[in-house]
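Residue-level structural notes
Given next are the chains, with one letter for each unit.
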Amino acid sequence: MKILVVGATGAIGSAVAGVLAERGHEVVRAGRTRGELQVDITNDASVQALYAVVGRVDAIVSAAGGLFFGPLAEMRPADFNIGLQDKLLGQVRLALLGQQVLADGGSITLTTGVAADDPVRGGANAAAVNAAVEGFVKGAAIELTRGLRVNAVSPTLLTESVAAYGAFFPGVETVPAARVALAYVRSVEGPLTGRVFRVWQ
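About the thresholds
Residues numbered from 1 in each chain as written. Predicted model: local features only at pLDDT ≥ 70, side-chain atom pairs only at ≥ 80, totals over all residues. Heavy atoms only, no water. Helix = DSSP H or I, 4+ residues; strand = E, 2+ residues; numbered from the N terminus. Rg over C-alpha atoms; globule rule 2.2 N^0.38 Å. Buried < 20%, exposed > 50% of the residue type's maximum accessible area, 1.4 Å probe, protein only. Contact = heavy atoms within 4.5 Å. Pairing = 2+ DSSP bridges. Right-handed = clockwise from strand over helix to strand, strands pointing away.

A short note on the overall build of the chain
Across its full length, the chain carries 6 helices and 7 strands. Secondary structure elements of the chain occur, N-terminal to C-terminal, as β-α-β-β-α-β-α-β-α-β-α-α-β. A compact globule built from 201 residues should have a C-alpha radius of gyration of about 17 Å, and the chain, at 16 Å, falls within 12% of that. Taken over the C-alpha atoms alone, the chain extends approximately 45 × 35 × 30 Å along its principal axes. For the chain, the residues scored as buried account for 50% of the 201 residues in total. A separation of at least 24 residues holds for 69% of the contacts in the chain among residues at least 6 apart in sequence.

Below, the structure is given as C-alpha cells:
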C-alpha cells in the first residue's frame, strides 16, 4: 500500500510511519515544518497542494493537530479556537479533501485522545476537540463511498510526552508510541470502519 502519514515527525507519527514501512508499505511522510513534504492542515490550499504532489494513495493517516491547554477560568474564545481550527478542522479537512485521492477500498485514520472520555484540568479544549473528532469519524463512516473506511486512534498520555504534558495527567499510566502505532496498523490494514481504537494502558 501507498500510505500518506501527516504529522510523521512527531512522537506518534514517526512511530506509525516506521512500523508501516517495516511492514512493507510505501510511506510518504509529511509534517508542518519537517518531513519529506510540508503541509499546513489549517489551510485548504496547503492540503490540496499536498494531495496534488502525493497523488493516489491507499491510506491517509493523520497524527497531527494542535490543542490549547490552560485553566478554564482564564481561557478566551481565541484560545479555544486553536484546537477547533487545528486538531479538529485540520483533520476533518484532511479527510474531506483526502477522500478524492484515495483508491477504492482505502482508509483514513485520524487521531483523538483519552481526554474525550477522561478529561483533565486545563484540558477542556482537548476534551471537546477529541470528542468532536470521534463524532466526525462515526458520522462520516456511514456516508463514505467506494468501500472507503475511516477510523480514529485514541491514545492516552505517551511515555515520550511525560515531560511536556505529564503535569496535566497526574497518576495516569502512560503508553509508548510504538504500542500506540499498532492501533494505526489495525485501522489501515484491517476491515473496520467508524471505530475509535483506544490505547489507554
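Picking up where we left off.
Things to note about the pairing of strand β1 (residues 2-6)
Among the 5 residues that make up β1, 5 are buried, leaving the element largely enclosed by the rest of the structure. Of the two faces of β1, the one carrying Lys-2, Leu-4 and Val-6 and the one carrying Ile-3 and Val-5 are both buried. The sheet contact formed by β1 and strand β2 (residues 26-31) spans 5 bridges and is parallel. The residue of β2 that forms the bridge with Leu-4 is Val-28. Handedness of the crossover joining β1 and β2 through helix α1 (residues 11-22) is recorded here as right-handed. Here β1 runs beside strand β4 (residues 57-62); their pairing, made up of 4 bridges, is parallel. By the bridge assignment for β4, Val-6 is matched with Ser-62.

Coordinates in, geometry out; function isn't part of it.
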